[in-house]
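# Working through the structure, step by step
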Amino acid sequence: MKPLQLTFAGLRSYVERQSVDFTGKTFIAILGDTGAGKSTLLDAMCYSLYNRCSWAGGSVSDLISHSGDGTLSVAFTFQAGTKVWRIERSTSTRSAALHKLIDADAGTVVATGASAVTAHVRRIIGLDYDTFLRSVILPQGRFQELLRMGDRDRTGILKSLLGLDQLSSVREHAVTLHSRLSRRLGDYRERRAAFLPDPAATILEAAERQQIAQIRLNTLQTAQSAVAKAAEARANASVRHAAVAKARGRLTDATPADVAATYQTLLAAVEDIAARRTQIDRERQTLDQDAQRHQTELDQADRDGAGVAKTASAVSTLTHLVEQIPLLDARAERLGNEQREVSVYKAMLESLQGESAEHKAAATQARQALDAASGRVTAAEEAHLLATTTITDFRKAADAAQQAAERLTACRDEVAELHTLAEAAATEARKAELAVEAAEAEDLRLRRLHAAAVAADGCGPGDACPVCRRDLPEDFVAPEHDASAAVTTALRAARKAATQAATKEARAAERAKLAEDETLAGALGEVETTGANLELATANLHAVFGDIDPTTPDERLLHDHATASRIAGTEQQQAENEYTEARDRNTRVESEVAVREAELTRLQAAYEQAQADHDAFIVQLNRAARGIPHAFRPAHGLPLADITHQQQRARARQEQLAQLTGQLHDVRNRIKELQTASELLDTETDNRITRPANALRRQLDTLAHHVMDAGTLLEHATHPARPADAPLSDEAVWANRLLEQTAELVDACRDEEEAALEAARDAEQAAKQARRQCQADDDAHLEQLIRAASTAVHNAGRDLKRGQAHQPLTDELDRRIRAAEPAVTALGDLAALLTDGKFVADAVRQRQRALVGAASKILLRITGDKFGFAKDFRIVDTSTGKDRDVKTLSGGETFQASLALALAVVELASRASGRVDALFLDEGFGSLDADVLQDALYTLAAHSTEGRLVTIISHMRSIAETTDQVLVVERTFAGSHAHWASPEEREQIINDDLNRGLLQ
């Protein structure tokens, strides 16, 4: 695993988005002050790869920045082998987490979800979380774990790091593959048995059979084609004979009889009907002229406004006016009577309304008297209520003042009693203190008396004497001092009693103080409050009742107020009775006024409606008079004499128009009779001429059609069609010529029939010759031979296709069987070999010896050939040739050994799997002297030249001089920031460190 790009935000002290590009870098230093956020970069990698932090006991939530928006996001791009991967993770306190693994080369998402992404990362890198922290990222405080851990833990780390822990999974995978391939091999063999044993031979044999059968089939089909052609020729000849015979029969059947005589009869009927139609047309012309003259007179009358319809309308309207005009006088008399009735009723209503106003004023005056009486009642009741309330408040204030005085006396007695108890508790506490002082004096006296025994308490033989500091003899026994223990017990009891007495005294004093400050003060305040309330209630009592004795009973004090209330109530009841009586009288009169007003409204409406009807009747008669035609309209309005005169004139004109209309009707009836006679001639024409002519034409048209068909069939010239719309004389000439051609075609048809019979006999002879050539008895036998040959061709083709279809499948199955057989054998051998535990143990020992050898070379180079590693990871001191425990090394020596072992692990892991190409050291290097530090840095630099990324995380600026690139980490109030130092900035870092005297 080699980092390429690290982008993160919201990570601990990094609030804003940061991006670090590791591409092309091999030996770098991450520099910054303590707490700047250098080690947080390792947390970003651990979180992205394993969804965990780099320190023990920490959780992912601890990585979220407290100054950000509550969201931690990291995107880490790295290379493993030849592939590039990208991991994206985010954790938020406000939304769901995101976990995604992307194949950067293909641009596809490989896994999602925390567990799935972590599992894929472990397979890609080949390291679990613990192994990663012990071999690739070495955080602060864990740099020496691999060096100092036990053999079992170190073996587990090495197996995981070098891939040896995967041997069991390899064995299980080999067993699974062996089982799967064995089943598949069995399936291949079973499927192969279902195909032809030798598809190639089957293909050759089937192709030869197909060729022979095809030749035979071609011969038979040629003969069948010749037979079919002969049969077709025979059928054509038969069809020709039948068609010619049919045409001859049609010509014979379609030839009508007596055509010339029929045409002579039709021509004579045409002359007779034409003469009679001429006579009818002459009379019809004269009648049409008379009808036109009469109609002209009627039309002129209509234009003059005195036509039939308008004259009849005038007569009807004038008759109606003569009947309706006498009714106008009766309507006018009724309207006068109704108007006088309305006037009388209106006067009666006005008198009643005046009486209602008087009653209403009396009711209003009675209401005012009732309101005044109600006001006196309310005032009396309020005065009585005020007096009652004032007396009640006075009595309550007096009772409250008396109860407050009694509670004050009780509180004073209680405070005095608590002060007495407090004084008694103080006396008891002073006695307990005296007892403690006496017990302490006795304890001090005894301690001085037994000082040696107290000092030797807990000492044993060989210990230093507490007095002279010499070793105590082997038979030394500490002296006993039981009296001191008894005194100590008495002192402890006295102190306990003194503590209890002091506590009791404090509590008693506190209760007395509390009672005096709160209870007594509250009682005094209550007395003052109730006294002020009593004074106010007394003043209110005198304000209401004057100068009275407060001890007077309440009934005597309230007697005058109660009497005033009863008198006011009596007056109110009397005023209410008078108001009720006045209101009822007013209500009755108002009801009668409403009834009279409604009746007057009805009468007024009836009169107005009658007047409107009368006016409308006059308008209607005038409109009717104006609607009369002008020739008969009255000239002076609606005088009855004028209307009667116009009625007589209209009736005389109506009689004249009726006579003229009757004459026109007679003329038109005669025209209808002539029309009927003409229609009868049409019917006679249809029966005597049209229908017989059409029937003859249809017969001749049918014959002409058959002549045309026969001429076409025999390829003879045909007679022209019947001329359209030609006279009957021309049709007779055409019919005679048609009959002559018909006779010629009948003779030609007989000759053609003989020729068709001869052709049919020749075709039958040709078919017999074709069947004899292929040895077929008849057509059915020939068809049977063709089916047999076709079946042989089909069977051979089927076998050929089957062999061709089987051949690629059998070739593929044979290839798979040959390929699977050695793989199944090898997987079985591999599973059996890995089942033996000795193989894994031997592999671990060999890898461990290789690791020890590589670590010893690096450690000898770092220490100047002073130290190396033994096979059990103990340290070999080359100056003495003896090995020693790693715990005996100094701090600098321990760092050198840990560094050598870490570099060896990376080198061996890269050699084994090629998946570990980075090392991150998070150590301060402050415990190393200058020479050791330079040796370590040179070793790390040499290690980075082999294509690996080596990163040193430190606060020492001097490291910048040795590394190729420097990543500077700074922290401000806005959070941490990281950036690659430019050459000028890197040079400035080195110069600043030289100026401070840190570089030697």
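Keep in mind it's a predicted model, so treat the numbers as computed, not measured.

## Focus on the sheet that holds strand β11 (residues 882–884)
- What the three strands build is an open sheet, ordered β9-β10-β11; its pairing is antiparallel. Single-partner strands in this sheet number two, and they are β9 (867–869) and β11. The average undirected angle you get between the axes of adjacent strands in this sheet is 40°.
- Bridge analysis of strand β10 (residues 875–877) against β11 gives three bridges, and the strand direction is antiparallel. When the sheet's bridge partners are listed, aspartate 877 is paired in β11 with lysine 882.

## Focus: helix α16 (residues 728–773)
- When the terminal C-alpha atoms of α16 are compared, their 68 Å separation across 46 residues agrees well with the 68 Å that a helix rising 1.5 Å per residue should span.
- Following α16 by one or two positions, glutamine 775 has its phi on the positive side, about 60°.

## Some details on the pattern of salt bridges
- Summed over the entire model, instances satisfying the criterion amount to 40 salt bridges.
- Between lysine 100 and glutamate 88 there is a salt bridge, and its shortest N-O distance comes to 3.7 Å. Of this pair, lysine 100 sits in strand β6 (residues 98–103) while glutamate 88 sits in strand β5 (residues 83–92), and the two are 12 residues apart along the sequence.
- Assessed through its relative accessible area of 24%, lysine 100 is described here as partly exposed.

## Here's the deal with the pairing of β5
- Extensive coverage of β5 is indicated by the burial of eight of its 10 residues.
- Note: strand β4 (residues 71–80) against β5, 10 bridges, orientation antiparallel. Among the inter-strand pairings, phenylalanine 76 is bridged to a residue of β5, identified as isoleucine 87.
- Counting the residues between successive antiparallel strands, the hairpin from β4 to β5 contains two residues, one of them, glycine 81, with a positive phi of roughly 70°.
- The sheet contact formed by β5 and β6 spans six bridges and is antiparallel. In the strand pairing of β6, serine 90 is matched with leucine 98.

## Points about the packing of aromatic side chains
- Enumeration according to the criterion identifies five aromatic pairs in this entry.
- Between phenylalanine 8 and tyrosine 14 the ring centres are 5.1 Å apart and the planes differ by 90°, which places this aromatic pair in the edge-to-face class. Considered together, phenylalanine 8 and tyrosine 14 belong to a single accessibility category, that of buried residues.
- A ring pair is formed by phenylalanine 22 and tryptophan 980, whose centres lie 6.2 Å apart and whose planes are at 90°; its orientation type is edge-to-face.

## A closer look at the packing of helix α7 (residues 199–254) against helix α15 (residues 640–714)
- For the pair α7 and α15, the least separation of the axes is 9 Å and the interaxial angle reads 155°. Judged by the inter-axis angle, α7 sits roughly antiparallel to α15. Seen from above, α7 lies across α15 with left-handed handedness. Touching Arg240, Ala243, Val244, Ala247, Arg250, Leu251 and Ala254 of α7 are Gln699, Leu703, His706, Val707, Ala710, Leu713 and Leu714, all from α15.
- Partitioning the contact of α7 with α15 into residue classes produces 10 nonpolar, two polar and two charged.

## What about the UniProt feature "coiled-coil region" (unreviewed entry) in the protein?
- Here the UniProt-annotated "coiled-coil region" (unreviewed entry) positions come out as residues 650–684 and 746–780.
- Secondary structure content for residues 650–684 is 100% helix and 0% strand, while the C-alpha to C-alpha distance between its ends is 51 Å.
- Between the end C-alpha atoms of residues 746–780 the distance is 41 Å, and the span holds 86% helix and 0% strand.

The rules behind these values
Residues numbered from 1 in each chain as written. Predicted model: local features only at pLDDT ≥ 70, side-chain atom pairs only at ≥ 80, totals over all residues. Heavy atoms only, no water. Pairing = 2+ DSSP bridges. Helix = DSSP H or I, 4+ residues; strand = E, 2+ residues; numbered from the N terminus. Axes fitted to C-alpha atoms, helices over the stretch in contact; angles between N-to-C directions. Expected span 1.5 Å × (residues − 1). Salt bridge = Lys/Arg side-chain N within 4 Å of Asp/Glu carboxyl O. Buried < 20%, exposed > 50% of the residue type's maximum accessible area, 1.4 Å probe, protein only. Phe/Tyr/Trp six-rings, centres within 6.5 Å; stacked < 30°, edge-to-face > 60°. Parallel < 35°, antiparallel > 145°, perpendicular 65-115°, else oblique. Left-handed = near helix turned anticlockwise from the far one by under 90°. Contact = heavy atoms within 4.5 Å. Nonpolar A, V, L, I, M, F, W, Y, C, P; charged D, E, K, R; others polar. UniProt positions renumbered as here; feature names shortened; annotations may be inferred.

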